[in-house]
Amino acid sequence: MDAGGQNARRVGNVMIAVEKQPKNQKKLSTELFDDVPVLQRKWLAAVRPGEGLPRYEEVMLGSLGRLADHMLLLNEKNERLEVSRTGRYVQKWLDDERWDIPLSALTPDCATALGEAAANAIRNSRPHLAAAHCVRDGMVRTYDVLALPTASRWGGTLVGIYVNERDTHYNLLDAIYSTTDEGVLSLATIRDAAGRPSDFQIVHHNKGATRLLKVPSSELQWRRLSEGGNLLCSADVVLRLRDVVVRGHGDQFELDNDDRSLRLSATAFGDILSLTISDVTALKRREASFRLLFDNNPMPMWVFDAETMGFLSVNDAAVQHYGYSREKFLKMQLREIWPEDEWVSHGEALREVGESYRSTRHWRHLKGDGYLVAIVDITERRKAEARIA
């Protein structure tokens, strides 16, 4: 073999130099004869000078061969698309062998992909290549959809559509399971001689679980919780999981560890437990910050339900200021601290509350001893103070 890229091949007593084919040329030649490029070239070759679209007979009849099984014919009638013919492969894809039916009669995933491809091809008077993503039994399969618009001898447009599956497909649940930031585990229940749940074995987990539990995958897979080694092995967690299996209901609880807060959600499917772990550290810290600002604020503050108008929480300053006990406050509705002659104006003001509300008027409120107090809305001022801080 010389530097020019030739191979020498012996035929009998004669050496013949054979030009070496580049790897990318081999790939190119394979792609050149793929179905989609072949059909696109066939469509272009059938376009006659001065005509916008090639005739149906010159594109779709005579020389399609094996590609005919992958073809579907749509007929545009009164701006509606109807299925006129389908090949055997397409019938299997559609799970429908019917002809002469509206496109809308097909399953929505297939009908949407076919309709969009055909509409774009008709609109641009050019072949249109699109992808259809269909989910069947949890598997996502991707199909090439090539729409070829043609002119009908009876008027109108006939669209031939080629459909074929790409090599790549994946399990949707596995994809979600493996890529989510949350930890997801499946645990099998181990029962004792009396048939009671006594232990659990981790039979499956995702990367999120190893990250949140801070344990290598090899120390989680097939591990029994009784063997220890991770947060799930604590007696409190095992007790909660046993209760989920016995009662057959879900449960949600939190664990604090290494300055982290983890929320565990467990659901039983027979003897299989699905366990989801979420890192709620940031949420807990925000709640703690809000609680600090709320509980220790010297200004009377409360939280109420916008629909029932019932108090949900009150701070110490409100309890001291209004003279109601906390227990009494939480059984009251907001209107009980309004003077009766201002119920209408108070109600109108609440209906105007959006993300923020600012009032320039003074409001009268009733204290526990019956006396009136004046309340000034300083929401915007407090926001400004918070931004400055």
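Residues numbered from 1 in each chain as written. Predicted model: local features only at pLDDT ≥ 70, side-chain atom pairs only at ≥ 80, totals over all residues. Heavy atoms only, no water.

A. View of the overall build of the protein. Summing up its helical and strand segments, the protein has 13 helices and 17 strands in all. Here the protein holds 389 residues, and 35% of them are scored as buried. Sequence separation of at least 24 residues holds for 39% of the intrachain contacts in the protein that already meet a minimum separation of 6. Roughly 24200 Å² of accessible area belongs to the protein as shown, and the carbon and sulfur atoms make up 51% of that amount. (Helix = DSSP H or I, 4+ residues; strand = E, 2+ residues; numbered from the N terminus. Buried < 20%, exposed > 50% of the residue type's maximum accessible area, 1.4 Å probe, protein only. Contact = heavy atoms within 4.5 Å. Areas by Shrake-Rupley, 256 points an atom, 1.4 Å probe, with all protein chains shown as cover.)

B. Layout of the environment of Arg 136. Among the secondary structure elements, Arg 136 is positioned in strand 6 (residues 128-136). Separated by 35 residues in the primary sequence, Arg 136 and Asn 171 place their C-alpha atoms 9.6 Å from one another. Among residues more than four places away in sequence, those in contact with Arg 136 are Trp 93, Thr 107, Asp 109 and Cys 110.

C. Representation of the packing of aromatic side chains. Throughout the structure, instances matching the rule amount to seven aromatic pairs. Grouping aromatic residues by their ring pairs yields a cluster made of Trp 302, Phe 311, Tyr 322, Tyr 324 and Phe 329. One residue, Arg 153, lies across the ring of Trp 154, its end atom 5.4 Å from the ring centre. In this arrangement the basic side chain of Arg 335 is found over the ring face of Trp 343, its NZ or CZ atom lying 3.8 Å from the centre. (Phe/Tyr/Trp six-rings, centres within 6.5 Å; stacked < 30°, edge-to-face > 60°. Lys NZ or Arg CZ within 6 Å of the ring centre and 35° of its normal.)

D. Spatial organisation of the pairing of strand 11 (residues 251-257). When strand 11 meets strand 12 (residues 260-269), the two strands line up antiparallel, connected through seven bridges. When the bridges of strand 12 are listed, Asp 256 appears paired with Ser 261. As consecutive antiparallel partners, strand 11 and strand 12 are separated by two residues, and within that stretch Asp 258 has a phi angle of approximately 50°, a positive value. (Pairing = 2+ DSSP bridges.)

E. Representation of the side chain of Lys 42 within the structure. The residue Lys 42 is located in helix 2 (residues 35-46) in this model. Glu 58 provides the closest opposite charge to the buried, salt-bridge-free Lys 42, at an N-O distance of 8.6 Å. Here Lys 42 is in contact with Glu 58, Val 59, Ser 63 and Leu 64, once residues within four sequence places are set aside. (Lys, Arg positive; Asp, Glu negative; His and termini not counted. Salt bridge = Lys/Arg side-chain N within 4 Å of Asp/Glu carboxyl O.)

F. Structural view of the confidence of the model for the protein. Per-chain confidence: the protein averages 83 in pLDDT, with 86% of residues scoring 70 or above. Low pLDDT, under 50, characterises residues 1-33; the stretch is placed with 29 contacts to residues that sit more than four places away or in other chains. (pLDDT = per-residue confidence, 0-100.)

G. Local environment of helix 2. For helix 2, spanning twelve residues, the distance from its first C-alpha to its last is 17 Å, which sits close to the expected 16 Å at 1.5 Å a residue. Those residues of helix 2 lying buried are Asp 35, Val 36, Leu 39, Lys 42, Trp 43 and Ala 46. Around the axis of helix 2, the buried residues are gathered within 130° of arc, so they sit on the same side. (Expected span 1.5 Å × (residues − 1). Arc of directions from axis to C-beta.)

H. Here's a closer look at helix 12 (residues 343-351). Buried within helix 12 we find His 346, Gly 347 and Ala 349. Axial view of helix 12: buried residues confined to an arc of 160°, hence all on one face. Opposite the buried face of helix 12, by more than 90 degrees, sit the exposed residues Val 344 and Arg 351. Turning to helix 12, the residues buried within the fold contact strand 16 (363-366).

I. The sheet that holds strand 9 (residues 183-191), seen in detail. Overall, antiparallel pairing links the five strands, which are arranged 10-9-13-12-11 in an open sheet. Looking along the sheet, the strands with just one partner apiece sit at the ends: strand 10 (197-205) and strand 11. Taken over all neighbouring pairs, the strand axes of this sheet differ in orientation by 30° on average, direction set aside. With eight bridges joining them, strand 12 and strand 13 (residues 272-279) adopt antiparallel strand pairing. Looking across to strand 13, one finds that Leu 262 is bridged to Asp 279. Helix 8 (residues 235-247) rests against strand 9, strand 10, strand 11, strand 12 and strand 13 of the sheet, and its axis sits at about 95° to strand 10. Against the sheet, helix 9 (residues 281-295) engages strand 11, strand 12 and strand 13, with an angle of about 120° to strand 12. (Axes fitted to C-alpha atoms, helices over the stretch in contact; angles between N-to-C directions.)

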